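Topology and contacts: notes
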Amino acid sequence: MNSLSTQLSPPIVLSFAATDPTGGAGIQADLMTISSMGCHSLSVVTAVTVQDTVGVDSVLALDPEWVEAQARAVLEDMPVDAFKIGLLGSADIVAAVAAILADYPDVPLVFDPVLAPGRGDALADEEAIAAIKELLLPQTTVLTPNSLEARRLADDGKSDADDLELDECARRLLDLGCRHVLLTGTHENTAQVVNLLYGGEGLLRSDTWNRLAGSYHGSGCTLASAVAAGLAHGLPVGDAVREAQEYTWNALAAGFRPGMGQFIPDRFFWARRREEGEA
């Protein structure tokens, strides 16, 4: 690669995630979000899903060797500025991805721990969750769980995880090796959505957003991918998190409902606003 092509190349983000034929979540959501935020997106498919906007019917996890082969091929060809992880599909895939990422310790990693979709279908068994906690969390720059996922990951089996306060969840997840935890409050019973960013020093920032009506498919994928794009652009974690939240809220506010289930974020809301002559 010559110096001119290097200079002109946008930041590159590699996403590990499952497919979503609706385009609402999964690898498709990652591709759109990362591209919308000015980065080039690489994709490694971890699983194939059968789903619509109502829910997930089935998941076929790929052979871990296929997952590794996809990643190694692009990583040997192109430099990557950030990684983003979504649904992995099995404990074996978790182990394969963790081994790959261990070779790139200086590249920031944003991990959206997809344990269940909006309808509540289980997408990660206990073996996969144990592998995530042992192998991936210690490599994670920013973990982006919703409150339900945070409580499940923070569960130590000694008490009722549903009763855990979010501060305690964050502390436990940081103790497992994450450098930052962005806890999203969509599922909490609050008038507005409050998102909390924690680091080794404790609570780093709290952002409040107007709660939107309706249920959205792929909001977590959008937020995590947007954080990864911000980090790929070289933003500090706090700034990347803030910009990602603003982008995600606008994408949700402009969301549309093409099917019979959840709304889908409009990840190119800014382009349509421009077409409509808005400022």
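Structure: above.
Residues numbered from 1 in each chain as written. Predicted model: local features only at pLDDT ≥ 70, side-chain atom pairs only at ≥ 80, totals over all residues. Heavy atoms only, no water.

What follows concerns the overall build of the protein. Across its full length, the protein holds ten helices and ten strands. Taken against the 2.2 N^0.38 rule, which gives 19 Å for 279 residues, the C-alpha radius of gyration of the protein at 18 Å falls within 12% of a compact globule. Dimensions of the protein, computed from C-alpha atoms along their principal axes, come out at roughly 55 × 45 × 40 Å. Residues classed as buried in the protein amount to 49% of the 279 residues present. Accessible surface, the protein: about 12800 Å² in total, of which carbon and sulfur atoms supply 52%. In the protein, the 18 positive side-chain charges and the 39 negative ones have mean positions that sit 5 Å from each other. (Helix = DSSP H or I, 4+ residues; strand = E, 2+ residues; numbered from the N terminus. Rg over C-alpha atoms; globule rule 2.2 N^0.38 Å. Buried < 20%, exposed > 50% of the residue type's maximum accessible area, 1.4 Å probe, protein only. Areas by Shrake-Rupley, 256 points an atom, 1.4 Å probe, with all protein chains shown as cover. Lys, Arg positive; Asp, Glu negative; His and termini not counted. Charge placed at Lys NZ, Arg CZ, Asp CG, Glu CD.)

Note that strand β1 (residues 12-17) and strand β2 (residues 40-45) share six bridges and pair parallel. By the bridge assignment for β2, Leu14 is matched with Leu42. Tracing the backbone out of β1, into helix α2 (residues 26-36) and back to the parallel element β2 gives a crossover that is right-handed. (Pairing = 2+ DSSP bridges. Right-handed = clockwise from strand over helix to strand, strands pointing away.)

What follows deals with the packing of helix α3 (residues 64-75) against helix α4 (residues 91-101). At a minimum axis separation of 9 Å, α3 and α4 run at an interaxial angle of 20°. Here α3 lies roughly parallel to α4, going by the angle between them. Regarding α3 and α4, the two cross each other, and that crossing is right-handed. In this structure, α3 contributes Pro64, Val67, Glu68, Ala71, Arg72 and Leu75 to the contact, and α4 contributes Asp92, Ile93, Ala96, Val97, Ala99 and Ile100. (Axes fitted to C-alpha atoms, helices over the stretch in contact; angles between N-to-C directions. Parallel < 35°, antiparallel > 145°, perpendicular 65-115°, else oblique. Left-handed = near helix turned anticlockwise from the far one by under 90°. Contact = heavy atoms within 4.5 Å.)

This part is about a negative patch on the surface. On the surface, a cluster of negative charge is contributed by Asp63, Glu65, Asp92, Asp125 and Glu127. For Glu65, the position within the fold is in helix α3. (Patch = residues over 30% accessible without salt bridge, like charges linked within 9 Å, V, L, I, M, F, W, Y side chains within 5 Å. Salt bridge = Lys/Arg side-chain N within 4 Å of Asp/Glu carboxyl O.)

Within the open sheet, the eight strands sit side by side as β2-β1-β5-β6-β7-β8-β9-β10. Their pairing is mixed. Each having just a single partner strand, β2 and β10 (202-209) make up the two edges of the open sheet.

Inspection of every chain in the model, using the stated rule, returns five aromatic pairs. Aromatic pair Tyr216 and Phe263: ring centres 5.6 Å apart, planes at 40°, arrangement tilted. Here Tyr216, found in the loop between β10 and α8 (219-232), pairs with Phe263, found in the loop between α9 (237-253) and α10 (269-275); they are 47 residues apart in sequence, far enough to count as distant. Look at Phe263 and you get partly exposed, because its relative accessible area is 28%. An aromatic cluster of three or more residues is present, and its members are Phe16, Phe83 and Tyr104. (Phe/Tyr/Trp six-rings, centres within 6.5 Å; stacked < 30°, edge-to-face > 60°.)

The buried count for α4 comes to eight of eleven residues, which makes it a mostly enclosed element. Buried residues of α4: Ala91, Ile93, Val94, Ala96, Val97, Ala98, Ile100 and Leu101, and no others. Residues of α4 that are buried sit in contact with β1, β4 (56-61), α3, β5 (82-85), β6 (109-111) and α5 (126-136).

The next subject is the pattern of salt bridges. For the structure shown, the criterion picks out twelve salt bridges. Between Arg151 and Glu188 there is a salt bridge; the shortest N-O distance is 3.0 Å. Of this pair, Arg151 sits in helix α6 (residues 147-154) while Glu188 sits in the loop between β8 (180-183) and β9 (193-199), and the two are 37 residues apart along the sequence. The class of Glu188 is partly exposed, set by a relative accessible area of 22%. Each of the salt bridges in this network shares a partner with another, and the network as a whole consists of Asp156, Glu168, Arg171, Arg172 and Asp175.

Residue pairs spaced three or four apart in an α-helix point in one direction, given the helix's 3.6 residues per turn. With twelve residues, α3 extends 16 Å from end C-alpha to end C-alpha; this agrees with the ideal 16 Å at 1.5 Å per step. Buried within α3 are the following residues: Val67, Ala71, Val74 and Leu75. Buried residues of α3, viewed axially, fall in a sector of 100°; they line one side. In α3, the exposed residues that point more than 90 degrees away from the buried face are Glu65 and Trp66. (Expected span 1.5 Å × (residues − 1). Arc of directions from axis to C-beta.)

It is worth spelling out the side chain of His180 at this point. By secondary structure assignment, the location of His180 is in strand β8. Ignoring anything within four residues of it in the chain, the contact list for His180 reads Thr141, Val142, Leu143, Leu174, Leu197, Tyr198, Gly199, Leu204 and Val237.

Let's shift gears to the pairing of β5. Burial along β5 is two-sided: Ala82 and Lys84 and Phe83 and Ile85, pointing in opposite directions, are all buried. Strand direction decides the pairing type here: β1 and β5, joined by four bridges, are parallel. Opposite Phe16, over in β5, you have Ile85 as the bridge partner. Strand direction decides the pairing type here: β5 and β6, joined by three bridges, are parallel. Within the sheet, the bridge partner assigned to Lys84 lies in β6 and is Val110. At this point the chain moves from β5, through α4, to the parallel β6, and the crossover so formed is right-handed.

Keep in mind these numbers describe shape, not what the thing actually does.
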